[in-house]
Amino acid sequence: MKITITNNETEFDCIAAWRIISEILSNPGAVIGLSTGKTTKNIHLNISCIYKQFPFDVSQVTFFGVDEVTNVPRDYPGACYTMLKTELIDILGINDEHFIMPHTLSDNFERECRIFQEALKERRGIDLQMLGLGLNGHLGFNQPGTPFESETWVSEMDEALESRIRKETNTLPGKKLGGFTLGIKNLMHARKIILVAKGKDKAEIVEKMLQGPVTTDIPASILQLHPNCEFILDVDSASLL
Ligand code: GLP
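About the thresholds
Residues numbered from 1 in each chain as written. Predicted model: local features only at pLDDT ≥ 70, side-chain atom pairs only at ≥ 80, totals over all residues. Heavy atoms only, no water. Axes fitted to C-alpha atoms, helices over the stretch in contact; angles between N-to-C directions. Helix = DSSP H or I, 4+ residues; strand = E, 2+ residues; numbered from the N terminus. Parallel < 35°, antiparallel > 145°, perpendicular 65-115°, else oblique. Left-handed = near helix turned anticlockwise from the far one by under 90°. Contact = heavy atoms within 4.5 Å. Nonpolar A, V, L, I, M, F, W, Y, C, P; charged D, E, K, R; others polar. Disulfide = S-S within 2.5 Å. Buried < 20%, exposed > 50% of the residue type's maximum accessible area, 1.4 Å probe, protein only. Core = buried A, V, L, I, M, F, W, Y, C linked by side-chain atoms within 4.5 Å. Near = heavy atom within 4 Å. Polar contact = N/O pair within 3.5 Å; in protein donor to acceptor, adjacent residues only side chain to side chain. Areas by Shrake-Rupley, 256 points an atom, 1.4 Å probe, with all protein chains shown as cover. Pairing = 2+ DSSP bridges.

Focus on the packing of helix H2 (residues 38-53) against helix H3 (residues 80-92)
Alright, step 1. Contact pair H2 / H3: the axes reach a minimum separation of 9 Å and the direction vectors enclose 20 degrees. When the axis of H2 is compared with that of H3, the two are roughly parallel. Note on packing geometry: the crossing formed by H2 with H3 is left-handed. Mapping the contact onto sequence places Lys 41, His 44, Leu 45, Ile 47, Ser 48, Tyr 51 and Lys 52 in H2 and Leu 84, Glu 87, Leu 88, Ile 91 and Leu 92 in H3.
Alright, step 2. Looking at the contact of H2 with H3 residue by residue, the class counts come to seven nonpolar, two polar and three charged.

What to know about the state of the cysteines
Such a bond, covalent and formed between the sulfur atoms of two cysteines, is termed a disulfide.
Alright, step 1. Applying the stated rule across the entire model yields zero disulfides.
Alright, step 2. We note that Cys 80 lacks a disulfide partner, and the nearest cysteine sulfur, in Cys 113, lies 14 Å from it.
Alright, step 3. Owing to a relative accessible area of 7%, Cys 80 belongs among the buried residues under this scheme.

Some thoughts on the nonpolar core
Alright, step 1. Counting 33 residues, the largest nonpolar core has Leu 195 and Leu 223 as the members making the most contacts within it.
Alright, step 2. Those elements that place two or more of their residues in this core are helix H4 (109-122), helix H6 (184-188), strand S9 (192-197), helix H7 (203-211) and strand S10 (229-234).
Alright, step 3. At five residues, H4 tops the list of elements feeding residues into this core.
Alright, step 4. Apart from residues lying up to four places away in sequence, Leu 195 is in contact with Leu 131, Gly 132, Leu 133, Leu 139, Met 209, Leu 223, Glu 230, Phe 231 and Ile 232.
Alright, step 5. Residues Ala 16, Ile 24, Ile 89 and Phe 99 belong to the second largest nonpolar core, which totals 31 residues.

Observations concerning the site of the ligand
Alright, step 1. As a matter of local geometry, the ligand sits amid Thr 36, Gly 37, Lys 38, Thr 39, Asp 67, Gly 132, Leu 133, His 138, Gly 140, Phe 141 and Lys 202.
Alright, step 2. One nitrogen or oxygen atom from the side chain of His 138 is found 3.0 Å from an oxygen atom belonging to the ligand.
Alright, step 3. Protein coverage of the free-state accessible area of the ligand, which is 400 Å², stands at 84%.
Alright, step 4. Looking at the shell around the ligand residue by residue, the classes come out as two nonpolar, six polar and three charged.

Let's talk about the sheet that holds strand S2 (residues 31-34)
Alright, step 1. Taken in spatial order, the seven strands make up an open sheet running S1-S10-S9-S6-S2-S3-S5, and their pairing is parallel. The open sheet terminates on both sides in strands that have one partner only, identified here as strand S1 (2-6) and strand S5 (99-100).
Alright, step 2. Relative to strand S3 (residues 62-65), S2 runs parallel, the two sharing four bridges. Within S3, the residue paired with Ile 32 across the bridge is Phe 63.

Structural data, given as C-alpha cells:
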C-alpha cells in the first residue's frame, strides 16, 4: 500500500494528473478508468491544460468511466459521460472508439454490463483505474454490502441521489434509476489503482478504509489487499491517520 499525502489541493490535483499522464507516456496503449465527481474534476482539467500547452500522444489510449446513472439520458450536465467529455475527453480529442461508456438507456442492462466488461477484456484489461471515494466508503456505485466478488452490474441508487438526478433531468417517477458500475472484482483486477480523496469530510472514511478491517461494510477497504494501489490524499482527508 502506498500512501501519498499532499500539502494542499493544488499539489493534490497536480500529482494525480501527472500519474495519469505518466501512465500514458510510458504505455501509449494504456486502458485507463476514470471516476467523476468533485474530487477528480480538477485532476482532469489539469491534464487537459497540460495537454493544450504540451501535447502528447493520446492516439492509442483508451479511457472509460467506472460508473454511470441508468434510465436517464447521458447528455445532461451531471451525467458521468458529459462530465468526462467536457473535462477531458473532448479536449484530448479522444474518439468514441477510445472512450468506453455504458449505455444509460436500454431494455436489457444485463446485456449492457456484459458488453462493457467484454470491451475492457478485448483491450487486455485495465492498466490504471482512478477511483474516488464515497462518504460511506463506496467505490463506483458499489455501495456498502456489495459482495467483493461482484462483477459489472446495476446497483440500487440511494434515495437522495436518485431524487436529485430526477430533478436535474426532469425525469418523472416510473422507471427506477440505477447505478451502472464495474464490480469490485473487476476493479481489483486492474493492474494499478489510484484512489483519490480530499477534504475534511472524507477524513473519517479514509481512516476506516486504510486502518479498519477489510469488510464489505466499507467497500473501499478491499483496496488494502490490492498489490499495486496508491492512495493520494490531501492533509485534510488524511488528518485522522
Ligand atoms: C459518486 C460516484 C463515484 C465517485 C464518488 C466520489 O457517487 N459514483 O464514482 O468516485 O461519488 O465523488 P466526489 O468526488 O464528488 O466526492
